[in-house]
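Residues per chain are reported as follows:
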Amino acid sequence: MKNKLLLFAAAALLSVSSPQLSAQTKSFKKGEFKQWAQTPPIGWNSWDCYGPTVTESEVKANADYMAANLKSYGWEYIVVDIRWFVENDKAGGYNEKDPIYVMDQYGRYMPALNRFPSAKDGKGFKALADYVHSKGLKFGIHIMRGIPKVAVEKKLPIKGTNGITADQIYSTELQCQWLHDNYTIVADKPGAQEYYNSIFELYASWGVDFIKIDDLSRPYHLGEIDLIRNAIDHCGRKIVLSTSPGETPIENADHVRTHANMWRMVDDVWDTWGHVTHLFDICQKWYPYIAPGTWPDCDMIPLGRISVRGERGNDRMTRLTKDEQYTLMTLFTIFRSPLIFGGDLPSNDAFTLSLLTNKAVLKMHRESKDVRQLYQKDKKVAITSKDSKTGETYLALFNLSDDKAAQKVSVNLADLGIKGKCIVTDMWSGKKVGTFSKEFSQSFNSHACGLYKLKTIK
């Protein structure tokens with residue numbers, strides 16, 4: 001605790017130079033936030049490869065790669081994940097024994113200078129966000145819900161209030177079970193809204209475009225989500241909101257889609273086949289909620305080089321086979337999940353890059369409509385959607401079976417609204433598959449799939 005308090009005192013002195021928003025801060029209308037993510041957000045997040053230890057130079061390297069190799073395909077977000085305010089965190093978990101936190105005098109976390117040197121003199125993430133913006137990209141951060149325990153213990157003042165302090169708005173109930181930096185904020189307490197307003201005022205001044213807020217979904221923290229939505233809508237900057245993690249309760253679907261741009265359906269997805277098949281099961285209840293501005297989220301994409309200093313396992317290229325990688329990317333794209341890549345981008349090989357730069361697949365992901373599952377039975381799955389501009393049909397077929405023998409996966413074309421004949425194109429390869437009527441079927445090896453575009457012949 002002694003080290004934490006020394007650092008806290010230094011941070012309080014430095015943070016007074018943080019830029020503030022003017023009194024003329026723009027407020028957004030209720031529901032306007034949906035316009036900020038009319039297509040599913042796509043970008044990179046540091047968690048899968050760096051856990052809570054990512055550094056400024058690593059963030060910049062991934063931004064440089066995205067600008068050079070992915071920006072022209074629509075990739076745009078660079079997101080710094082968890083605990084960027086801890087000087088001495090570790091790979092393979094979290095340092096909760098003696099963490100050295102950095103925060104300002106209002107109990108707002110600030111970037112750790114040993115990891116983010118451009119944050120000196122109370123600048124926060126402004127310089128790093130400016131760097132990302134200079135590449136034509138957008139900048140995001142991760143936070144935990146709630147208020148820092150240290151702020152409560154020190155009874156720090158809440159900015160924008162007349163003497164309300166952190167110890168007056170917290171509760172130990174429903175504290176996060178897997179990371180204990182923060183306490184719950186009691187939503188109806190005087191000062192609760194002001195605290196969230198203060199942190200989003202700060203993030204807006206830094207130039208943050210995207211925020212992932214953790215421990216909101218299980219249980220579903222409706223009160224804090226209301227505070228967060230209100231704070232973003234009044235911070236003066238368009239900040240896309242991602243709620244995380246865990247299986248967001250379906251009974252809260254109507255609330256979350258009126259408050260967040262994207263929400264996690266599952267716990268963390270890693271590079272094992274069981275994580276992939278679990279997604280197919282969970283997705284089934286969320287198809288009706290896929291809509292412009294509000295997106296059910298399959299989690300980050302654990303492909304390429306992951307766990308450089310990550311939570312799960314050693315530094316490695318993804319353990320998923322190539323067939324399994326196609327299956328994961330096909331599900332994410334036809335389902336229209338946000339695409340947040342988790343691997344270290346500069347370490348990409350040619351195959352990984354090809355999965356992220358297929359123009360036809362990304363067009364489907366960006367522009368399709370009417371996503372629905374045709375069936376999921378006997379380890380076979382069929383999902384379809386429509387080209388919003390031409391009305392042509394997209395179709396994904398999956399063999400999830402562990403049986404080594406190839407399996408035939410079929411659909412009746414009438415179930416797709418196709419009468420007569422259609423020309424089928426393999427979207428991953430761009431090759432014509434053939435002309436079909438009444439039924440379309442293909443054989444797939446275990447864990448393999450196909451993604452197709454079907455054009456009716458008049």
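Residues numbered from 1 in each chain as written. Predicted model: local features only at pLDDT ≥ 70, side-chain atom pairs only at ≥ 80, totals over all residues. Heavy atoms only, no water.

Peer 1: Looking at this model, I keep getting lost on the nonpolar core. Mind explaining?
Peer 2: In summary, soluble globular proteins display a tendency toward joint burial of nonpolar side chains. Grouped together as the largest cluster of nonpolar side chains are 131 residues, with contacts concentrated most on W84, I141, F200, Y203 and I211. If you tally residues by element for this core, the top one is helix α6 (residues 192–206), at 9 residues. Two domains each provide a minimum of three residues to this core, namely domain 1 (32–357) and domain 2 (375–456). Every residue in contact with I141, bar those within four places of it in the chain, is listed here: V79, V80, W84, F125, Y203, W206, V208, F210, I211 and K212. If you look at the next biggest cluster of nonpolar residues, it comprises 17 residues, including A382, I418, C422 and Y452. (Core = buried A, V, L, I, M, F, W, Y, C linked by side-chain atoms within 4.5 Å. Buried < 20%, exposed > 50% of the residue type's maximum accessible area, 1.4 Å probe, protein only. Helix = DSSP H or I, 4+ residues; strand = E, 2+ residues; numbered from the N terminus. Domains from an automatic or database assignment. Contact = heavy atoms within 4.5 Å.)

Peer 1: Where do I start with the packing of helix α10 (residues 322–335) against helix α12 (residues 359–367) in this structure?
Peer 2: In a packed pair of helices, the relevant descriptors are the angle between the two axes and the axis-to-axis distance. Taken N-terminus to C-terminus, the directions of α10 and α12 make an angle of 40°; their axes are 7 Å apart at the nearest point. Residue-level inspection shows F332, T333 and I334 of α10 in contact with α12, the latter providing V361, M364 and H365. For the contact of α10 with α12, the class distribution of residues is 4 nonpolar, 2 polar and no charged. (Axes fitted to C-alpha atoms, helices over the stretch in contact; angles between N-to-C directions. Nonpolar A, V, L, I, M, F, W, Y, C, P; charged D, E, K, R; others polar.)

Peer 1: Help me understand the sheet that holds strand β19 (residues 432–437), please; the structure alone is not making it clear to me.
Peer 2: Strands pair in a sheet through their backbones, by hydrogen bonds, and they do so in one of two ways: parallel or antiparallel. Read across the sheet, 6 strands follow the order β14-β15-β16-β21-β18-β19 without closing on themselves; strand pairing throughout is antiparallel. The open sheet has two free edges, formed respectively by β14 (368–377) and β19, since each of these has just one partner strand. Adjacent strand axes in the sheet meet at a mean angle of 25°, parallel and antiparallel pairs treated alike. Strand direction decides the pairing type here: strand β16 (residues 393–399) and strand β21 (residues 449–456), joined by 6 bridges, are antiparallel. What sits directly across from L395, in β21, is Y452. (Pairing = 2+ DSSP bridges.)

Peer 1: What is the right way to read the pattern of salt bridges from this model?
Peer 2: Tallied over the entire structure, the rule returns 29 salt bridges. One salt bridge in this structure joins E76 and K138, with 3.7 Å as the shortest N-O distance. Pair noted here: E76 is in the loop between α3 (56–69) and β2 (77–80) and K138 is in strand β3 (residues 138–144), with a separation of 62 residues, a long-range link. With a relative accessible area of 25%, E76 lands in the partly exposed category. On the accessibility criterion, K138 (31% relative accessible area) is partly exposed. In this structure, the salt-bridge partner of D233 is R229, at a minimum N-O distance of 2.9 Å. Residue D233 and its partner R229 are located together in helix α7 (residues 222–233), separated by 4 residues, close to a single helical turn. Residue D233 is classed as buried on the basis of its relative accessible area, which comes to 7%. Judged by relative accessible area, R229 falls into the buried class, the value being 5%. Residues joined in a network through salt bridges with shared partners are K363, R366, E367, D387, K389, E392 and K453. (Salt bridge = Lys/Arg side-chain N within 4 Å of Asp/Glu carboxyl O.)

Peer 1: Help me out: how do you make sense of the UniProt feature "domain: Alpha galactosidase C-terminal" (unreviewed entry) in the chain in this one?
Peer 2: In the numbering used here, UniProt assigns the feature "domain: Alpha galactosidase C-terminal" (unreviewed entry) to residues 380–454. End C-alpha to end C-alpha, residues 380–454 measures 20 Å, and it is 0% helix and 60% strand. (UniProt positions renumbered as here; feature names shortened; annotations may be inferred.)

Peer 1: Any chance you could explain the confidence of the model for the chain here in plain terms?
Peer 2: Should the pLDDT be low somewhere, the predicted coordinates at that spot are not to be read in detail. On average, residues of the chain carry a pLDDT of 94, and 95% of them reach 70 or more. Element-level mean pLDDT values for the chain span from 40 in helix α1 (residues 2–14) up to 99 in β2. Across residues 1–23 the pLDDT falls below 50, and counting only partners more than four positions away or on other chains, this stretch makes 41 contacts in the model. (pLDDT = per-residue confidence, 0-100.)

Peer 1: Looking at this structure, how should I read the sheet that holds strand β5 (residues 170–171)?
Peer 2: Taken together, 3 strands build an open sheet; the order of strands is β4-β6-β5 and the sheet is antiparallel. Of all strands in the sheet, those bounded by a partner on one side alone are β4 (147–148) and β5. As paired strands, β4 and strand β6 (residues 182–185) are joined by 2 bridges and run antiparallel to one another. Residue pairing across strands places I147 opposite Y183, the latter belonging to β6.

Peer 1: Is there a simple way to think about the domain arrangement of the chain in this case?
Peer 2: Each assigned domain of the chain is listed here: domain 1 (32–357) and domain 2 (375–456). Put simply, the middle of domain 1 and the middle of domain 2, counted by C-alpha atoms, are 34 Å apart. With 16 residues of domain 1 at the contact, the number on the domain 2 side is 19 residues. Both faces considered, domain 1 and domain 2 share a buried interface measuring about 1,400 Å² in area, 70% of it formed by carbon and sulfur atoms. Inspection of the region where domain 1 meets domain 2 yields 0 salt bridges. The interface formed by domain 1 and domain 2 holds 6 residue pairs in polar contact (both at pLDDT 80 or more) in total. The set of elements that each furnish at least two residues to the side of domain 1 that touches domain 2 consists of α9 (273–283), α10 and α11 (350–356). Ranked by residues supplied to the side of domain 1 that touches domain 2, first place goes to α10 with 9 residues. (Buried area = accessible area lost by both parts, 1.4 Å probe. Polar contact = N/O pair within 3.5 Å; in protein donor to acceptor, adjacent residues only side chain to side chain.)

Peer 1: Quick question: what am I supposed to make of the side chain of D214 here?
Peer 2: Looking at the element boundaries, D214 is found in strand β7 (residues 210–214). Here D214 sits buried without a salt bridge, and the closest side chain of opposite charge, K212, lies 5.0 Å off (N-O distance). Polar side-chain contacts of D214 include one of 2.6 Å to the side chain of H142. (Lys, Arg positive; Asp, Glu negative; His and termini not counted.)

Peer 1: Explanation requested: the environment of S337 in the structure shown.
Peer 2: Within the secondary structure layout, S337 lies in the loop between α10 and β13 (339–341). S337 gets classed as buried once you look at its relative accessible area, which sits at 0%. Separated by 54 residues in the primary sequence, S337 and C283 place their C-alpha atoms 9.9 Å from one another. With near-sequence residues (within four places) excluded, S337 lies in contact with P40, P296, D297, C298, F332 and H365.

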